[in-house]
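Take a look at the letters that make up each chain.
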Amino acid sequence: MTNNHSAKTLGGLFVVIDGPDGVGKSTQIENVKRQLQGLGYHVTASREPGGTSIGETVRRLVKDNKNLPPWCELHLIQGARIDHINALIIPALQRNEIVLLDRFTPSTLVYQGVVRGIGVDEVASIIHRSSPNIEPDVIFILDAQTPQTGFEFSSGDSFEHQGMPIWRTVRQAYLELATRFGWTVVTADRPKDLVTENLVKLIADRLNFRSLSAHESAVH
Ligand SMILES: Nc1ncnc2c1ncn2[C@@H]1O[C@H](COP(=O)(O)OP(=O)(O)O)[C@@H](O)[C@H]1O
Ligand SMILES: Cc1cn([C@H]2C[C@H](O)[C@@H](COP(=O)(O)OP(=O)(O)O)O2)c(=O)[nH]c1=O
């Protein structure tokens, strides 16, 4: 661990939306962000890999290179995450904002730990030892039987080019690890607006629990 921050001492609320490709994560990040802003909250939305110039560079590297050695991929992604946490996530939480992330450590446990074969315990250990000490308040895993109808597998993407067989492995890994790590599985096989409504309600429960009002979130 490199420092002792946690979302609880920083303020704000740290929310992750993760899950397989094409289940509607990006759609929900946008919709949930808009709804929370409508309620008066300040929201920082970001994605992994990404969110900073280092993160966006790593994103291109990982998405464009199908044959990166697994450990190289893991260290690039985790390195970008450290920068993302320090440069973007911690400052937003210090401003009492709601941070909404499209993918975070669950993706690394599933893609590098399971799909690339490094092992979940090994990846969990690397994440634990190298991350700034900050945990999401809640991790949602969007789950659907298949990708949404509008989704098309990209032939250039490092994982998507392998199509449905890998997609099913990824889905299964998210479901199994959700039980182990206490992630909240949210059904995404429904109209977008109903998924958003459910997510906003679950987030509102956490905001009430943390007593974070829109006024406090807006105070910088
Ligand atoms: N609940 C839903 N029902 C039907 N289509 C959806 C739903 N959520 C998202 N989509 C569509 O599915 C496609 C993939 O959604 P996207 O948000 O990009 O997924 P992800 O970020 O998980 O890869 C998009 O065309 C989007 O409009
Ligand atoms: C965050 C993260 C992402 N990834 C992969 C999963 C995805 O294939 C890719 C990110 O792409 P994705 O978020 O699905 O973006 P898009 O909707 O533009 O395709 O990075 C990992 O392998 N490990 C990680 O830790």
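None of these values were measured; they are calculated from a predicted model. (Residues numbered from 1 in each chain as written. Chains lettered and ligands numbered in written order. Predicted model: local features only at pLDDT ≥ 70, side-chain atom pairs only at ≥ 80, totals over all residues. Heavy atoms only, no water.)

### What about the packing of helix 4 (residues 70-94) against helix 6 (residues 120-130)?
No. 1: One can describe the packing of helix 4 onto helix 6 by two numbers: an axis separation of 11 Å at closest approach and a directional angle of 30°. Looking at the two axes, helix 4 sits roughly parallel to helix 6. Here the hand of the crossing between helix 4 and helix 6 comes out right-handed. Of the residues in helix 6, those in contact with Trp 71, Leu 74, His 75, Gln 78, Arg 81 and Ile 82 of helix 4 are Glu 122, Val 123, Ile 126, Ile 127 and Ser 130.
No. 2: Of the residues belonging to the contact of helix 4 with helix 6, the class tally is 6 nonpolar, 3 polar and 2 charged. (Axes fitted to C-alpha atoms, helices over the stretch in contact; angles between N-to-C directions. Helix = DSSP H or I, 4+ residues; strand = E, 2+ residues; numbered from the N terminus. Parallel < 35°, antiparallel > 145°, perpendicular 65-115°, else oblique. Left-handed = near helix turned anticlockwise from the far one by under 90°. Contact = heavy atoms within 4.5 Å. Nonpolar A, V, L, I, M, F, W, Y, C, P; charged D, E, K, R; others polar.)

### Considering the sheet that holds strand 1 (residues 13-18)
No. 1: Pairing is parallel in the open sheet, where 5 strands are placed in the order 2-3-1-4-5. Across the chains shown, the open sheet's two edge strands, defined by having one partner strand only, are strand 2 (43-47) and strand 5 (184-187). Taken over all neighbouring pairs, the strand axes of this sheet differ in orientation by 25° on average, direction set aside.
No. 2: Pairing of strand 1 with strand 4 (residues 138-143), which is carried by 4 bridges, proceeds in the parallel orientation. Each residue of the ladder has a partner; that of Val 15, found in strand 4, is Val 138. (Pairing = 2+ DSSP bridges.)

### Things to note about the UniProt feature "domain: Thymidylate kinase-like" (unreviewed entry) in the chain
No. 1: The UniProt entry lists residues 17-197 under the feature "domain: Thymidylate kinase-like" (unreviewed entry), expressed in the numbering used here.
No. 2: Along residues 17-197 one finds 54% helix and 12% strand; the C-alpha atoms at either end are 14 Å apart. (UniProt positions renumbered as here; feature names shortened; annotations may be inferred.)

### Notes on the nonpolar core
No. 1: Grouped together as the largest cluster of nonpolar side chains are 31 residues, with contacts concentrated most on Phe 14, Ile 89 and Trp 183.
No. 2: Elements that contribute at least two residues to this core include exactly strand 1, helix 4, strand 3 (98-102), helix 5 (105-115), helix 6, strand 4 and helix 7 (163-181). (Core = buried A, V, L, I, M, F, W, Y, C linked by side-chain atoms within 4.5 Å. Buried < 20%, exposed > 50% of the residue type's maximum accessible area, 1.4 Å probe, protein only.)

### Section: the packing of aromatic side chains
No. 1: One pass over the structure, following the stated rule, counts 5 aromatic pairs.
No. 2: Consider the rings of Tyr 111 and Tyr 174, whose centres lie 6.5 Å apart with planes at 75°: the pair is edge-to-face. A residue pair is termed long-range when its members are at least 10 positions apart, and Tyr 111 in helix 5 and Tyr 174 in helix 7 qualify at 63 residues. Residues Tyr 111 and Tyr 174 agree in their burial class; the two are buried.
No. 3: Put simply, the rings of Tyr 111, Phe 159 and Tyr 174 touch in pairs and so form one group of aromatic residues.
No. 4: Above the ring of Phe 104, the side-chain terminus of Arg 81 is found at 5.1 Å from the ring centroid. (Phe/Tyr/Trp six-rings, centres within 6.5 Å; stacked < 30°, edge-to-face > 60°. Lys NZ or Arg CZ within 6 Å of the ring centre and 35° of its normal.)

### A word on the site of ligand 1
No. 1: Taken together, 15 residues lie near ligand 1, and Gly 22, Lys 25, Ser 26, Thr 27 and Arg 190 sit nearest.
No. 2: One of the side-chain N or O atoms of Ser 26 is found 2.7 Å from an oxygen atom in ligand 1.
No. 3: Taking Lys 192, its side chain carries an N or O atom lying 3.2 Å from an oxygen atom of ligand 1.
No. 4: Within the complex, the protein chains bury 74% of what would otherwise be the 560 Å² of accessible surface of ligand 1.
No. 5: Considering each element in turn, the shell around ligand 1 owes the most residues, 3 residues, to helix 2 (residues 25-38).
No. 6: Counted by class, the shell around ligand 1 contains 5 nonpolar, 6 polar and 4 charged residues. (Near = heavy atom within 4 Å. Polar contact = N/O pair within 3.5 Å; in protein donor to acceptor, adjacent residues only side chain to side chain. Areas by Shrake-Rupley, 256 points an atom, 1.4 Å probe, with all protein chains shown as cover.)

### Focus on the site of ligand 2
No. 1: Among the 15 residues in the neighbourhood of ligand 2, the closest are listed as Asp 21, Arg 59, Lys 63, Thr 108 and Gln 112.
No. 2: One of the side-chain nitrogen or oxygen atoms of Asp 21 is found 2.8 Å away from an oxygen atom of ligand 2.
No. 3: One of the side-chain nitrogen or oxygen atoms of Lys 63 is found 2.5 Å away from an oxygen atom of ligand 2.
No. 4: Against a free-state accessible area of 550 Å², the protein chains account for coverage of 86% of ligand 2.
No. 5: Listed by contribution, the elements that provide at least two residues to the shell around ligand 2 are helix 3 (53-64), helix 4 and helix 5.
No. 6: For the shell around ligand 2, a count of residues per class yields 4 nonpolar, 3 polar and 8 charged.

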